[in-house]
Amino acid sequence: MHAARVWIVFAAAALLIGSTGLRANDASPGDPVTIAVMYSSDRNRCFTPGVVTAIRHYTALRAREINANGGIAGRPVRLKYFDDFENADRARANAEAAAKMPLLVGIVGMSSSTRGKGMVDVIGSAGIPWISGMSRSDIFARHRSIYSMEPAVTDEIVAVSRFVRERKVRRPVFLGTKGDLYAASIAEALARAASTKDPSSTREPVSSDPPSADNTDAPPPMAFEAVWLERRPDFRLGEAALTEAVAAIRKADADMIFLALHSGPGAQLLRRLRREGLTPPAFVVLGRIGRIRGLTQPDGYDADMFELGREGVPDVLNERLQQRIWRNPDARWIFSDTRAASSPPGCEKFVAPTPITDVRGRTNRRAIARGLQHGDALMLLAEAAGSATTGDARQRATGEAKTIPAADIRTRIIAGLSAHRRGARIYRGWWQDWSFTPARAVAEQTLLVRQRADESDIALAPTQFVIRDAGARAVPVVYVNVDMVRIFRVDDNEKTFQAEFYLSARSGTAITLGDIEFTNAFRSQLSNAPVISARRIDGGDNDAFRLWRVTGKFTFDPDLGDYPFDRQRFSISFQPSKTTEPFFVQPPPARLRKAEFSSDGWKQLSAYVGSDHDIISVVGTRAGERVILPLDKFNYTWTMKRRATDYYLQVIVPLIVILAVTWLSVFIPSARLESVVAIQVTALLSSIALYLAIPKVDYDRATTSDMVFVVTYTAISIMLGLSILRANLTAGERTAAAASVKGFQLCLLPLLMIVMSDYILQQTTDGAVAPLEAVLSMISETVARRTL
């Protein structure tokens, strides 16, 4: 008992010292500086969107990280949140209130160009760094302190213009809502394309192609028409607006319609067109195909639909996010819409949204993405100031940080942001890589996605257009699938595994296995060549389709802290083998991927396809110039749980027997002390010998297996010490005390074994199966395995 008190006091002292040190590290000199966070809750104020909750959560998390690293210019950071409830006047009032804050050094957020337009002059004229979410970069072009976390609409215009050219669209009709600035920019670009002989020659800050020459072979210009509709306060289209839109489409004999109406009104119009017998292909400018298709049921819409892929490649997850979830499974990752704490009259009948349960669901991923983007932008402001990651040691040491004016900090941030030019400098965030185009919009790829009329799945369009400062380049899409056959020979110490799978690839251009590089392939120490063998087995002459059977050795990064009850991630990662010949990868939908395969000693838990970037630093064309080159890579990943049956038979069962013998020795009379000590010493030596005999993994920390043996050593050693104490008490005729020690011995070991067994069973079954059911399940599995 005394030893227990000592450990408790020790632990309390350590916690006190740790918490004191944490408070000391968090403290920063000077008054806190403020960063404003702008977002938009639903206009009815009846509920709080999960996106808003995610923004508040991740910005607060990153603010704590900034403060733990010294703050901004040596000052701690505090956040001030502003909600405009999708109201432009409220947004401008928020901007004016924020601009008057004396220690404001930056602003993050605002996802609408229409509402943000009224804020630009207020914030820009004050020289406040602002990473907004506005895609209309022309709105803030004159203010060098304003950036955007969204791709510039000019880049999207280039992609749309090239799409129109490739599709040979001649009679497009654009339908938008009056007053929407983003929709107006797309309509203006299409109108310019219609006035030229080459639809791709829309002259924007980022060009698509060299101007086409006048010649008689050029196709005639497009017959473009834009229809601007009134939208009711309930966010729907009235009967007059629907009638006007249908009449315009019929009159123009449209071969494609561009919908900039958002999902609900867009679905309204498509349902009306279907009843009128008009079903031209649709390009969704504002809204989402999936939601629109759902709202047009049960009749549907019998035409191809296209969309700007703002959520990335369909059915491909953000690998950076998946790894973070893997490393921190207990963190908050689900953000459901919730009823607002204080709601105005009229919300009494509001039905609370269904809670989200799947972290990988589209709605939840969208909330996480927005939250992580805002958190990254917050961190980028701190990094631009030069203190969040490197710190300002001199100022913290001398106390000069107390005297730095907020205006000077703003100037430092603006200068730091300007250094993050595309190809020059990249900040690696939790969600994405951050650099900016000349238009001060984030340098992200503009993707085009498609859903065929006869399909329910959304995928990348066959050709994508990669935007660079010099123009747009057509890049093919390769539809790739990895059909895993088996994973075997997992070597935890070498950090490798072997896999056998079928690799299929389909593209509009011929593709060979040499065009694909397996980035995590194990390489021979002699030749440095990947240890992979592949055989083409389709046997056909179709250049657009390839099928290979691949067997190879691949690397992985094991986390062995829970060994042998651990989970691991096994990936087949690949990317274009040549940076000069890039391509995008589109996997099949999750429902079409193979779910089960052979895996020796492992149980499959889940699978997904992810994507990320490799950042390569290369020498530029001028002396001393450094160019940052991002290279896309994709990975098929399976999460697996190790089967611990052999560990139970080789370790757990023998240890239980050793502990049981140790416990039974307590019943030997104290007069036979030599026998008791001999048995317990033998038990201790046997457990040590067992530990030395079993295979071990090379890991820099103690694993669960190590802790099982440590607990066993401790239990036997305590029992041995108590046996000696009991013998001494008996010799001194203190029989009552000796009886108490014996009773403690009889209770201690069984209690310890129960706790350890419950922990092991929970690790084995993930808490989903009761211990008794787990024991029976493992016994039956062992018997069946030994029988086979």
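As the structure is a prediction and not an experimental result, all values here were calculated from the model.

1. Focus: the sheet that holds strand 7 (residues 172-177)
Taking strand neighbours across the sheet as the criterion, the 7 strands line up as 8-7-9-10-11-16-17 in an open arrangement whose pairing is mixed. A single partner strand is all that each edge strand has here, and the edge strands are strand 8 (225-229) and strand 17 (459-460). Each of strand 7, strand 8 and strand 9 (256-260) is contacted by helix 7 (residues 239-252), which is oriented at about 175° to strand 8, the strand it contacts most.

2. A closer look at the pattern of salt bridges
Following the criterion strictly, the structure yields 30 salt bridges and no others. In this structure, the salt-bridge partner of E156 is R310, at a minimum N-O distance of 3.9 Å. Residue E156 is found in helix 5 (residues 153-167), and its partner R310 is found in the loop between strand 11 (305-308) and strand 12 (317-318); the two are separated by 154 residues along the sequence. Judged by its relative accessible area of 41%, R310 falls in the partly exposed class. Connected via shared salt-bridge partners are R320, R428, D433 and D612.

3. Some remarks on helix 6 (residues 181-194)
Here helix 6 spans 20 Å end to end across 14 residues, near enough to the 20 Å set by a 1.5 Å rise per residue. Of all 14 residues in helix 6, 11 are buried, a share of seventy percent or more. If you check which residues of helix 6 are buried, you get L181, Y182, A183, A184, S185, I186, A187, A189, L190, A193 and A194. Where helix 6 starts, the residue carrying a side-chain oxygen 3.1 Å from the main-chain nitrogen of Y182 turns out to be D180.

4. Examining the packing of aromatic side chains
Under the criterion given, the structure shown has 26 aromatic pairs. Among the aromatic residues, ring-to-ring pairing joins F497, F501, F518, F554, F556, F570, F574, F597, W602, Y636 and W638 into one connected group. It is R56 that lies over the ring of Y81; its NZ or CZ is 4.1 Å from the centre. K696 extends its terminal NZ or CZ atom over the ring of Y691, reaching a point 4.8 Å from the ring centre.

5. As for unusual backbone geometry
In this structure, the amide linkage connecting Q297 to the following residue, P298, adopts the cis form with an omega of 10°. When you line up the elements, P298 lands in the loop between helix 9 (289-295) and strand 11. Note the cis peptide between Y563 and P564, where omega equals 5°. Tracing the sequence through the fold places P564 in the loop between strand 23 (545-555) and strand 24 (567-576). The phi angle at A73 is positive, at roughly 55°, despite the residue not being glycine. Its place among the elements puts A73 in the loop between helix 2 (50-68) and strand 3 (77-83). Judged by its relative accessible area of 1%, A73 is buried. One non-glycine residue with positive phi stands out, namely K168, at about 55°.

6. A closer look at the sheet that holds strand 3
Taken in spatial order, the 5 strands of this open sheet run 3-1-4-5-6, and their pairing is parallel. Unpaired on one side and paired on the other, strand 3 and strand 6 (146-148) mark the two borders of the sheet. Neighbour to neighbour, the strand axes of the sheet diverge by 20° on average, direction disregarded. Helix 2 rests against strand 1 (33-39) and strand 3 of the sheet, and its axis sits at about 165° to strand 3. The strands that helix 3 (residues 88-99) touches are strand 1, strand 3 and strand 4 (104-109); relative to strand 3, the one it contacts most, it runs at about 155°.

7. Observations regarding a nonpolar patch on the surface
On the surface, a cluster of nonpolar side chains totalling about 290 Å² of accessible area is made up of L649, V653, V657 and V661. On the secondary structure map, V657 appears in helix 14 (residues 645-664).

8. Quick notes on the layout of surface pockets
Here the second largest pocket is characterised by a volume of approximately 1400 Å³. Considering the residues around the second largest pocket, the lining is formed by 40 residues, among which Q322, Q323, W326, R327 and R569 are closest to the centre. Of all the elements in the fold, those that place two or more residues in the lining of the second largest pocket are helix 10 (319-327), strand 24, strand 27 (602-619), strand 28 (626-642) and helix 17 (735-765). Ranked by residues supplied to the lining of the second largest pocket, first place goes to helix 10 with 8 residues. Grouping the constituent residues of the lining of the second largest pocket by class yields 10 nonpolar, 14 polar and 16 charged.

9. Side note on the packing of helix 5 against helix 6
Between helix 5 and helix 6, whose axes approach to 10 Å, the crossing angle comes to 40°. In this view, helix 5 runs oblique relative to helix 6, as classed from their interaxial angle. At the point where helix 5 passes helix 6, the crossing takes the right-handed sense. Along the contact surface, helix 5 presents V153, E156, I157, V160 and V164, while helix 6 presents Y182, S185, I186, A189 and L190. Split by residue class, the contact of helix 5 with helix 6 holds 8 nonpolar, 1 polar and 1 charged.

10. Observations regarding helix 10
Listed as buried for helix 10 are E319, R320, L321, Q322, R324 and I325. Where helix 10 begins, one side-chain oxygen reaches toward the backbone nitrogen of R320, 3.0 Å away; that side chain belongs to N318.

11. Let's talk about the nonpolar core
In terms of nonpolar packing, the biggest core is built from 68 residues, with L175, I257, F501, I572 and F574 touching the most fellow members. The residues contacting L175, other than those within four sequence positions of it, are V227, L229, A245, I249, I257, F258, L259, A260, L261 and L269. F174, A194, V285 and A472 belong to the second-largest nonpolar core, a separate cluster that totals 31 residues.

12. Comments concerning the environment of I516
Relative to the helices and strands, I516 is located in strand 21 (residues 516-518). Judged by its relative accessible area of 9%, I516 falls in the buried class. Each C-alpha atom of the pair I516 and F583 lies 9.8 Å from the other, and the pair is 67 residues apart in sequence. Aside from chain neighbours lying at most four places away, what touches I516 is L503, I511, F574, Q575, S577 and F583.

About the thresholds
Residues numbered from 1 in each chain as written. Predicted model: local features only at pLDDT ≥ 70, side-chain atom pairs only at ≥ 80, totals over all residues. Heavy atoms only, no water. Pairing = 2+ DSSP bridges. Helix = DSSP H or I, 4+ residues; strand = E, 2+ residues; numbered from the N terminus. Contact = heavy atoms within 4.5 Å. Axes fitted to C-alpha atoms, helices over the stretch in contact; angles between N-to-C directions. Salt bridge = Lys/Arg side-chain N within 4 Å of Asp/Glu carboxyl O. Buried < 20%, exposed > 50% of the residue type's maximum accessible area, 1.4 Å probe, protein only. Expected span 1.5 Å × (residues − 1). Polar contact = N/O pair within 3.5 Å; in protein donor to acceptor, adjacent residues only side chain to side chain. Phe/Tyr/Trp six-rings, centres within 6.5 Å; stacked < 30°, edge-to-face > 60°. Lys NZ or Arg CZ within 6 Å of the ring centre and 35° of its normal. Patch = residues over 30% accessible without salt bridge, like charges linked within 9 Å, V, L, I, M, F, W, Y side chains within 5 Å. Areas by Shrake-Rupley, 256 points an atom, 1.4 Å probe, with all protein chains shown as cover. 1 Å grid on protein atoms, 1.4 Å probe; cavity = no way out; pocket = protein on both sides within 12 Å on 5 of 7 lines; lining within 4 Å. Points joined across faces, edges and corners; volume = space filled by probe spheres on them. Nonpolar A, V, L, I, M, F, W, Y, C, P; charged D, E, K, R; others polar. Parallel < 35°, antiparallel > 145°, perpendicular 65-115°, else oblique. Left-handed = near helix turned anticlockwise from the far one by under 90°. Core = buried A, V, L, I, M, F, W, Y, C linked by side-chain atoms within 4.5 Å.

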